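# Structural features, examined
Spelled out from the first residue to the last, the chains are:
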Amino acid sequence: QVQLVESGGGLVQAGGSLRLSCAASGRTFTPRAMGWFRQAPGKEREFVAAITGIGGRTNYADSVKGRFTIGDNGKNTLFLQMNSLKPEDTAVYYCAAARAPFGAKEADFDSWGQGTQVTVSS
């Protein structure tokens, strides 16, 4: 498995930006899809964005498309750039690593970070 540690959450006003980071360690030498998920209070965890371990193709939830950008810096660090934030983006954001180079469903991911809180005020 892969150990994941998120950082960069916080409180921001609507329309603002935040950048989340996820540092990966452990079995990072095999290509894996990486993703971000989020869970708002009283709701189930949902997919936000993912990037494939081969080819670097990205995939986004419709609710964040055009506002969020997922990427990696090639040094085992995943990021999520979040722009034009809305109050409905408020949630705990989780970084996740998949078992294989491709995947976007929650069931594809077997390593999870502890989560970082993002709060967007109106």
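The paragraphs below set out a description of the structure included in this document. (Residues numbered from 1 in each chain as written. Predicted model: local features only at pLDDT ≥ 70, side-chain atom pairs only at ≥ 80, totals over all residues. Heavy atoms only, no water.)

## Some points on the overall build of the protein chain
- When helices and strands are tallied, the protein chain shows zero helices and 11 strands.
- If you line up the protein chain on its principal axes, its C-alpha atoms span 40 × 25 × 25 Å.
- Counting across all 122 residues of the protein chain, residues that qualify as buried make up 43%.
- Surface exposure of the protein chain reaches about 6,200 Å², of which carbon and sulfur atoms provide 50%.
- Within the protein chain, the 10 negative side-chain charges are centred at a point lying 5 Å from the centre of the 13 positive side-chain charges. (Helix = DSSP H or I, 4+ residues; strand = E, 2+ residues; numbered from the N terminus. Buried < 20%, exposed > 50% of the residue type's maximum accessible area, 1.4 Å probe, protein only. Areas by Shrake-Rupley, 256 points an atom, 1.4 Å probe, with all protein chains shown as cover. Lys, Arg positive; Asp, Glu negative; His and termini not counted. Charge placed at Lys NZ, Arg CZ, Asp CG, Glu CD.)

## Overview of the pattern of salt bridges
- Tallying each qualifying case throughout the model produces six salt bridges.
- A salt bridge links Arg45 to Glu106, with the shortest nitrogen-to-oxygen separation between them at 3.0 Å. Linking Arg45 in the loop between strand E4 (34-39) and strand E5 (46-51) with Glu106 in the loop between strand E9 (91-98) and strand E10 (109-112), this pair joins segments that are 61 residues apart in sequence.
- Judged by relative accessible area, Arg45 falls into the partly exposed class, the value being 27%.
- Here Arg67 makes a salt bridge to Asp89, at a shortest N to O gap of 2.8 Å. One end of the pair, Arg67, is in the loop between strand E6 (58-60) and strand E7 (68-72); the other, Asp89, is in the loop between strand E8 (77-82) and E9, with 22 residues separating them in the sequence. Like Arg67, the residue Asp89 is buried in the burial classification. (Salt bridge = Lys/Arg side-chain N within 4 Å of Asp/Glu carboxyl O.)

## What about the nonpolar core?
- Among the nonpolar cores identified, the biggest contains 28 residues, and Trp36, Leu80, Met82 and Tyr93 are the most heavily contacted of them.
- For this core, the secondary-structure elements that each account for two or more residues are strand E1 (2-7), strand E3 (18-26), E4, E5, E7, E8, E9 and strand E11 (116-121).
- Setting aside anything within four residues of it in sequence, one finds Met82 in contact with Gly16, Ser17, Leu18, Leu20, Arg67, Phe68, Tyr93 and Val118.
- In terms of nonpolar packing, the next biggest core, distinct from the first, is built from six residues, Ala33, Phe37, Ala50 and Ala98 among them. (Core = buried A, V, L, I, M, F, W, Y, C linked by side-chain atoms within 4.5 Å. Contact = heavy atoms within 4.5 Å.)

## Some thoughts on the state of the cysteines
- Enumeration over the complete set of coordinates arrives at one disulfide.
- There is a disulfide in this structure between Cys22 and Cys95, and the S-S distance comes to 2.0 Å. Because the sign of the S-S torsion sets the handedness, a value of about -75° for the bond joining Cys22 and Cys95 places this disulfide among the left-handed ones. Placement of Cys22 in strand E3 and of Cys95 in strand E9 is noted, with a sequence separation of 73 residues between them.
- Since its relative accessible area comes to 0%, Cys95 is described here as buried. (Disulfide = S-S within 2.5 Å.)

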